[in-house]
Amino acid sequence: MKVSTHGDVNALPLATRLAYAAVGGCPYARKAGCPSGPPPGEQIFRFGRMFDGLPGLSDTNALAGHLATLGLSMTESAAQARGERNTRVAAIYTYIGQFIDHDITKTETADQNLASNMEAAFNAASAHRHVAPLDADELAKLVNRRSPMLNLDSVFDGTPRESDGSLSVGAVTAGPPRPTLPFTEDPDLVDLHDLPRLPPSQNEETDRRARIGDPRNDENLVVAQLHVAFLRAHRLLVRQLGLTPADADLELRRLYQRMVLDDFLPTVCDPAIVQKVLAQPAGLLYHPDPADPYMPLEFAGAAFRFGHSMVRNAYNYNSEFSGRDGKPIGTLELLFTFTAFSGQNLGIPTLPQNWIIDWSRWVDHPDGTPADNVTKQMDTLLAEELSKLPQEQGVIGGHDVNNLALRNLVRGLLLGLPTGQAVAQAVQEKLGPVFDVLTSQQLRDMANAASPAQGAALIAGGFDWQTPLWYYLLAEASTVPADKGHLGPVASAIVADVLHQLVRLAPDNALASPGWTPAIPLRDPSRVEIEDLLRFAQLLPAA
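Rules used throughout
- Residues numbered from 1 in each chain as written.
- Predicted model: local features only at pLDDT ≥ 70, side-chain atom pairs only at ≥ 80, totals over all residues.
- Heavy atoms only, no water.
- Helix = DSSP H or I, 4+ residues; strand = E, 2+ residues; numbered from the N terminus.
- Buried < 20%, exposed > 50% of the residue type's maximum accessible area, 1.4 Å probe, protein only.
- Contact = heavy atoms within 4.5 Å.
- Areas by Shrake-Rupley, 256 points an atom, 1.4 Å probe, with all protein chains shown as cover.
- Core = buried A, V, L, I, M, F, W, Y, C linked by side-chain atoms within 4.5 Å.
- Salt bridge = Lys/Arg side-chain N within 4 Å of Asp/Glu carboxyl O.
- Axes fitted to C-alpha atoms, helices over the stretch in contact; angles between N-to-C directions.
- Parallel < 35°, antiparallel > 145°, perpendicular 65-115°, else oblique.
- Left-handed = near helix turned anticlockwise from the far one by under 90°.
- Nonpolar A, V, L, I, M, F, W, Y, C, P; charged D, E, K, R; others polar.
- pLDDT = per-residue confidence, 0-100.
- 1 Å grid on protein atoms, 1.4 Å probe; cavity = no way out; pocket = protein on both sides within 12 Å on 5 of 7 lines; lining within 4 Å.
- Points joined across faces, edges and corners; volume = space filled by probe spheres on them.
- Polar contact = N/O pair within 3.5 Å; in protein donor to acceptor, adjacent residues only side chain to side chain.
- Pairing = 2+ DSSP bridges.
- Phe/Tyr/Trp six-rings, centres within 6.5 Å; stacked < 30°, edge-to-face > 60°.
- Lys NZ or Arg CZ within 6 Å of the ring centre and 35° of its normal.

## Section: the overall build of the protein chain
Here is step 1 of the chain: Looking only at helices and strands, the protein chain has 19 helices and 10 strands in total.
Here is step 2 of the chain: Within the span of the protein chain, comprising 543 residues, buried residues form 59% of the whole.
Here is step 3 of the chain: Put simply, 77% of the contacts in the protein chain that link residues at least 6 apart link residues at least 24 apart.
Here is step 4 of the chain: Accessible surface, the protein chain: about 20,400 Å² in total, of which carbon and sulfur atoms supply 52%.

The structure is reproduced here in structure tokens:
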């Protein structure tokens, strides 16, 4: 039975559940219930290292405890959350990053003892007990269930198709007020704003489960609604432009690849470094073998976790959840609630229509002014809601081990990641003297500026001179002016290089097809932007 602090929500009449949805719902709890892995025989990929032989953190009995203390110090205060740690970067880029991550990485192991030991490591670190890095045999048991290439398998795998071959899109549930939306839709699209789902069931493994390639794209509403945009775009490629299903698949992949290279990377990374990286077809730091590609641990375990620092506690989601004119605001907790993977959607069969996203609030305004929702500046402070992640599906955690920063830092220890300083020096050798490695004094100053507790934790762990890679990259990003809001040079080089090569690894990719011309209208004919895809999907006003 699905339980809630308000009782069994499935025992409530549908009209009552919809009324809850109209005011933001109620806290909930749901036990873990998604199938543990892909079908037997599905292809798996390995993890590897971009930087062989670089030193990691010194393994001492106190290391894990010091990392836990540092992680717990990385939660922003209420005053800091209200402050002006904003960028000009539209908040949609936070969730594009999450969407990309779910397309290329999903860490699993068939060794249940190893999985249990890794989870136990977070508890051990929280209790200040010793945690040892995984040995070579244990690391080899970690596998990547997503293909290490930008090919949208998270969208295409497992998604049902209509009779014409277009990807299925789910319908919302009517009842609560529909938000005021600034775009015009074809009549057959008006209700299609949810992921395709299995029907309600007492079996929690299948109850309203999203029928998509990666169920994690149903873990918060923003990434779920972005996934819906791709489904709608595919439908229109088939039905409006007349592409065959196979051609629509390829077109959507190429649009996605170009959007990552043309729009996402120059926004979240240093544009000058992106330009250097894209000029290296064979790769700057990452040289995967197409016959046996691997996912770099430094990328998956640290560099591509930068988006955690961009997340806000709440968003101006749409006209019904704007935080204005007496309306509730779209809190991060609510964005988890109205999904089937992380929440329970209050027992409603599909997404309530008042939770259709208004993307015009998430992208820059047509006059170039910043979006209503912008990202937080990337730094060593995370939103308070990320300190209490669901400990299982739908169960909001209140323990230290549910703190995302703590988990990231301890995961870096388990994976044996090199220090930030070692990686920075290695990147500097490739890029040349275009940046300086952060000094111990700079790191101490940044930590103390975040909070006295963080400054003390940094020094106590000796992390001012051997710094966890993830922390170092966030500290580096905090030196970038807020009006730019992108990563620093080391993280920019790693992120841009890996994503560039993952495009090239995809069959028939956009870079390998010089004669390809996008089939959809573009604001700028020389580049593909996320707004182009949203407009084509009829989720933004026409240009």
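## As for the nonpolar core
Here is step 1 of the chain: The biggest cluster of nonpolar side chains holds 163 residues, and the ones touching the most others in it are Phe264 and Leu499.
Here is step 2 of the chain: At 13 residues, helix H8 (residues 221-239) tops the list of elements feeding residues into this core.
Here is step 3 of the chain: Each residue touching leucine 499, except ones within four places of it in the same chain, is listed here: Ile100, Ile104, Leu150, Val260, Phe264, Leu265, Phe299 and Phe304.

## Regarding the pattern of salt bridges
Here is step 1 of the chain: Scanning the model with the defined rule gives 32 salt bridges in all.
Here is step 2 of the chain: A salt bridge links arginine 145 to glutamate 108, with the nearest nitrogen and oxygen atoms 3.2 Å apart. With arginine 145 in the loop between strand E4 (143-144) and helix H7 (153-156) and glutamate 108 in strand E3 (residues 107-108), this pair connects stretches of sequence that are 37 residues apart.
Here is step 3 of the chain: Residues aspartate 157 and arginine 146 are paired through a salt bridge, measuring 3.9 Å at the closest nitrogen-oxygen approach.

## Quick word on the packing of helix H2 (residues 63-72) against helix H13 (residues 404-414)
Here is step 1 of the chain: It is the contact of H2 with H13, at a shortest axis distance of 7 Å, that shows an interaxial angle of 150°. Compared by their axis directions, H2 and H13 come out roughly antiparallel. Crossing handedness for the pair H2 and H13: right-handed. For the pair formed by H2 and H13, the contact residues are Leu63, Ala64, Leu67, Ala68, Leu70, Gly71 and Leu72 on the first element and Ala405, Leu406, Leu409 and Leu413 on the second.
Here is step 2 of the chain: Each residue belonging to the contact of H2 with H13 can be placed in one class, and the counts come to 10 nonpolar, 1 polar and no charged.

## Focus on the confidence of the model for the protein chain
Here is step 1 of the chain: Taken over all residues, the pLDDT of the protein chain has a mean of 89, while the share at 70 or more is 89%.
Here is step 2 of the chain: Scored below 50 in pLDDT, residues 1-41 makes 104 contacts in the model with residues more than four places away or belonging to other chains.
Here is step 3 of the chain: Overall, residues 392-398 carries pLDDT values under 50, and its contacts beyond four positions in sequence, including any with other chains, amount to 30 contacts.

## Description of the layout of surface pockets
Here is step 1 of the chain: As a volume, the second largest pocket reaches approximately 700 Å³.
Here is step 2 of the chain: Residue lining of the second largest pocket: 29 residues in total, with Tyr93, Val363, Asp364, His365 and Glu531 positioned closest to the centre.
Here is step 3 of the chain: No other element matches the 4 residues that helix H9 (residues 245-268) contributes to the lining of the second largest pocket.
Here is step 4 of the chain: When its residues are assigned to classes, the lining of the second largest pocket shows 14 nonpolar, 4 polar and 11 charged.

## Notes on H13
Here is step 1 of the chain: Among the 11 residues that make up H13, 10 are buried, leaving the element largely enclosed by the rest of the structure.
Here is step 2 of the chain: For H13, the elements touching its buried residues are H2, helix H5 (112-126), helix H6 (136-140) and helix H17 (469-477).
Here is step 3 of the chain: Where H13 begins, the capping side chain belongs to asparagine 403, and its oxygen is found 3.0 Å from the backbone nitrogen of alanine 405.
Here is step 4 of the chain: Directly after H13, the chain includes glycine 416, whose backbone phi takes a positive value near 65°.

## With respect to the side chain of threonine 87
Here is step 1 of the chain: Looking at the element boundaries, threonine 87 is found in strand E2 (residues 86-90).
Here is step 2 of the chain: Here the side chain of threonine 87 touches valine 89 through a polar contact of 2.9 Å, landing on its backbone nitrogen.
Here is step 3 of the chain: One polar contact links threonine 87 to threonine 375, side chain to side chain, over a distance of 2.6 Å.
Here is step 4 of the chain: Among residues more than four places away in sequence, those in contact with threonine 87 are Val374, Thr375, Lys376, Gln377, Ala482 and Gly485.

## Remarks on the pairing of strand E1 (residues 45-48)
Here is step 1 of the chain: Pairing of E1 with E4, which is carried by 2 bridges, proceeds in the antiparallel orientation. Following the sheet pairing, phenylalanine 45 is matched in E4 by asparagine 144.
Here is step 2 of the chain: Across 3 bridges, E1 lies against strand E5 (residues 294-296) in parallel orientation. Pairing of glycine 48 across the sheet is with proline 296, part of E5.

## Focus: the packing of aromatic side chains
Here is step 1 of the chain: Counted under the stated rule, the structure contains 15 aromatic pairs.
Here is step 2 of the chain: Ring geometry for tryptophan 359 against tryptophan 362: centres 6.1 Å apart, planes inclined by 70°, an arrangement best described as edge-to-face.
Here is step 3 of the chain: Three or more aromatic residues joined by ring pairs make a cluster, and in this case those are Tyr95, Tyr315, Tyr317, Phe321, Phe338, Trp355, Trp359 and Trp362.
Here is step 4 of the chain: Between the NZ or CZ atom of arginine 407 and the centre of the ring of phenylalanine 122, over which it lies, the distance is 4.0 Å.

## Topic: the sheet that holds E3
Where strands meet in a sheet, backbone hydrogen bonds hold them as pairs that are either parallel or antiparallel.
Here is step 1 of the chain: Spatially, the 4 strands line up as an open sheet ordered E3-E4-E1-E5, and their pairing is mixed. The open sheet has two edge strands, E3 and E5, and neither has a second partner.

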